[in-house]
Amino acid sequence: MPLEMNRAWNDAVRLLSRNRDVILVVAGVFFFLPYFAFMLVGPDPMAGVNPAQPLGTEEAIARMTAFYSRMWWVFLLVAVLQAVGMLGLLALLTDRRRPTVGEAIKIGVFKVAPYIAAYVLLGMALAFAVLILATIAGVTGAAWLGGVVVLLAVVAWVALFVRFSLVGPVMVKENIANPIAALGRSWTLSRGNGWRLFAFFALLFIAIIVVTIVVSSVFGLLFRLFGPEIARAGDGLVVSLVNAGWATIFLAVLSAVHDQFAGPSAAALGETFE
């Protein structure tokens, strides 16, 4: 079945409207608050740098490397929390039983391990393929092959992201806990729609980038009138709100796309004839 973008978007809006109150709670707890808290209290990797004397490339890379080496566990914790929130939101968006917030979070907690495992397996497969290509490039000694490897890796990452983007909805709505089975199901559902999905996701991504730039620019100038501390808190607030909004909208789109490809669930069909 070819993807109908307008239908998917309208269905996503309907899902968000139908579950607005509980969705706001989950999005606030799992997407907005962790990100905003880190933006407020987390260390600034560029602290002490004179804006009039920007760092060189090597020094900037060294600072960022040290920052991520020191804070990796925080990013991991936030990623796990957001994965639980994503799965919980999908439960709210796809489960016709209308679960409570507590029930949705419980679903997210139970599904988060296989969800992460699925993408770890996917990442390992991609890394293995890149390693083989890089080894071939090294053995042949052809410098141009290095650029080809990087290009192929980017293309492969985008293609895999698109084809396996439905792993979350598959795990939650179809109650598939096996990571490999969920990956296979997502691949099957998205077959023949790779380019349409890519175009749909790209349009959403471009839209959120434009909105982020406009909102950040307008409010950034306003916050800077009140000093650097207010500016940092204000920037964190805006970015965190955009992050929560983007994640919520994208999950609603994924849920709508899954519904379109998979068709009505058995529960939905049962309700139709009751």
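Nothing here was measured: the structure is a model prediction, and the numbers come from that model.

K.L.:
Quick question: what am I supposed to make of the packing of aromatic side chains here?
P.N.:
For any pair of aromatic rings, the description rests on two quantities: the centre-to-centre distance and the angle between the ring planes. Following the criterion strictly, the structure yields 12 aromatic pairs and no others. Centroid distance Phe161 to Phe201: 6.1 Å. Interplanar angle 65°. Geometry classified as edge-to-face. Linking Phe161 in helix H5 (residues 143–163) with Phe201 in helix H8 (residues 194–223), this pair joins segments that are 40 residues apart in sequence. Looking at Phe201, the relative accessible area reads 6%, which means it is buried. Their ring planes at 15° and their centres at 6.5 Å tell us that Phe200 and Phe201 sit as a pair that is stacked. Its relative accessible area of 6% is what places Phe200 among the buried residues. Chaining the aromatic ring pairs together yields one cluster made of Trp157, Phe161, Phe200, Phe201, Trp246 and Phe250.

K.L.:
Is there a simple way to explain helix H1 (residues 5–18) in this structure?
P.N.:
Because an α-helix packs 3.6 residues into every turn, residues spaced three or four apart end up facing the same way. With 14 residues, H1 extends 20 Å from end C-alpha to end C-alpha; this agrees with the ideal 20 Å at 1.5 Å per step. Here H1 has its buried residues at Ala8, Asp11, Ala12 and Leu15. For H1, the arc enclosing every buried residue in end-on projection is 105°, short of the 170-degree limit, so these residues lie on one face. Along its buried surface, H1 packs onto helix H2 (20–41), helix H3 (57–94), H8 and helix H9 (228–262).

K.L.:
Looking at this model, I keep getting lost on unusual backbone geometry. Mind explaining?
P.N.:
Across the chain, the bulk of peptide bonds are trans and the bulk of non-glycine residues have phi less than zero. Phi is positive for Asn175, close to 55°, though the residue is something other than glycine. Looking at where Asn175 falls in the secondary structure, it is placed in the loop between helix H6 (167–173) and helix H7 (179–189). By relative accessible area, which is 57% here, Asn175 ends up exposed.

K.L.:
Sorry, what's going on with the pattern of salt bridges here?
P.N.:
If charged atoms from side chains of opposite charge come close, those side chains can pair. Evaluated as defined, the whole model comprises five salt bridges. Asp11 is the salt-bridge partner of Arg7, the closest N and O atoms lying 3.8 Å from each other. Taken as a pair, Arg7 and Asp11 lie in helix H1 at a separation of four residues, close to a single helical turn. Notably, a salt bridge pairs Arg224 with Asp235, separated by 3.0 Å at the nearest N-O pair. Here Arg224 is found in the loop between H8 and H9, whereas its partner Asp235 is found in helix H9, with 11 residues between them in sequence. Among the charged side chains, a network of salt bridges with common partners joins Arg7, Asp11 and Arg14.

K.L.:
Would you explain the packing of H2 against H9 in this entry?
P.N.:
Two measures define how a pair of helices packs: the angle their axes make with one another and the distance between the axes. At a closest axis distance of 8 Å, the pairing of H2 and H9 adopts a crossing angle of 145°. Considering the relative orientation of H2 and H9, their crossing is right-handed. For the pair H2 and H9, contact is made by Ile23, Ala27, Phe31, Phe32, Tyr35, Phe36, Met39 and Leu40 and by Arg232, Ala233, Gly236, Leu237, Val239, Ser240, Leu241, Asn243, Ala244, Ala247, Thr248 and Leu251, respectively. Class assignment for the residues of the contact of H2 with H9 results in 15 nonpolar, four polar and one charged.

K.L.:
Whenever I open this one, the side chain of Ser255 confuses me. Can you help?
P.N.:
Structurally, Ser255 can be placed in helix H9. Not counting residues within four places of it along the chain, the set of residues in contact with Ser255 comprises Leu15, Leu90, Leu93 and Thr94.

K.L.:
Quick question: what am I supposed to make of the environment of Leu3 here?
P.N.:
Its location among the elements puts Leu3 in the segment before H1. Residues Leu3 and Phe200 lie 197 residues apart in sequence; the distance between their C-alpha atoms is 9.3 Å. If we skip the residues at most four places from it in the chain, Leu3 touches Ala8, Asn193, Arg196, Leu197, Phe200, Val257, Gln260 and Phe261.

K.L.:
Whenever I open this one, the packing of H2 against H3 confuses me. Can you help?
P.N.:
Relative to each other, H2 and H3 sit at 175°, their axes nearing to 9 Å. Judged by the inter-axis angle, H2 sits roughly antiparallel to H3. Its residues placed into classes, the contact of H2 with H3 shows 18 nonpolar, two polar and no charged.

K.L.:
Can you walk me through the nonpolar core in this structure?
P.N.:
Val167 and Val257 are the most contacted members of the largest nonpolar core, which totals 49 residues. Broken down by element, the residue count for this core peaks at 10 residues, all from H9. Setting aside anything within four residues of it in sequence, one finds Val257 in contact with Leu3, Ala8, Leu166, Leu197 and Phe200. Counting five residues, the second largest nonpolar core, distinct from the first, contains Ile208, Phe223, Val238 and Val242.

Conventions we followed
Residues numbered from 1 in each chain as written. Predicted model: local features only at pLDDT ≥ 70, side-chain atom pairs only at ≥ 80, totals over all residues. Heavy atoms only, no water. Phe/Tyr/Trp six-rings, centres within 6.5 Å; stacked < 30°, edge-to-face > 60°. Helix = DSSP H or I, 4+ residues; strand = E, 2+ residues; numbered from the N terminus. Buried < 20%, exposed > 50% of the residue type's maximum accessible area, 1.4 Å probe, protein only. Expected span 1.5 Å × (residues − 1). Arc of directions from axis to C-beta. Contact = heavy atoms within 4.5 Å. Salt bridge = Lys/Arg side-chain N within 4 Å of Asp/Glu carboxyl O. Axes fitted to C-alpha atoms, helices over the stretch in contact; angles between N-to-C directions. Left-handed = near helix turned anticlockwise from the far one by under 90°. Nonpolar A, V, L, I, M, F, W, Y, C, P; charged D, E, K, R; others polar. Parallel < 35°, antiparallel > 145°, perpendicular 65-115°, else oblique. Core = buried A, V, L, I, M, F, W, Y, C linked by side-chain atoms within 4.5 Å.

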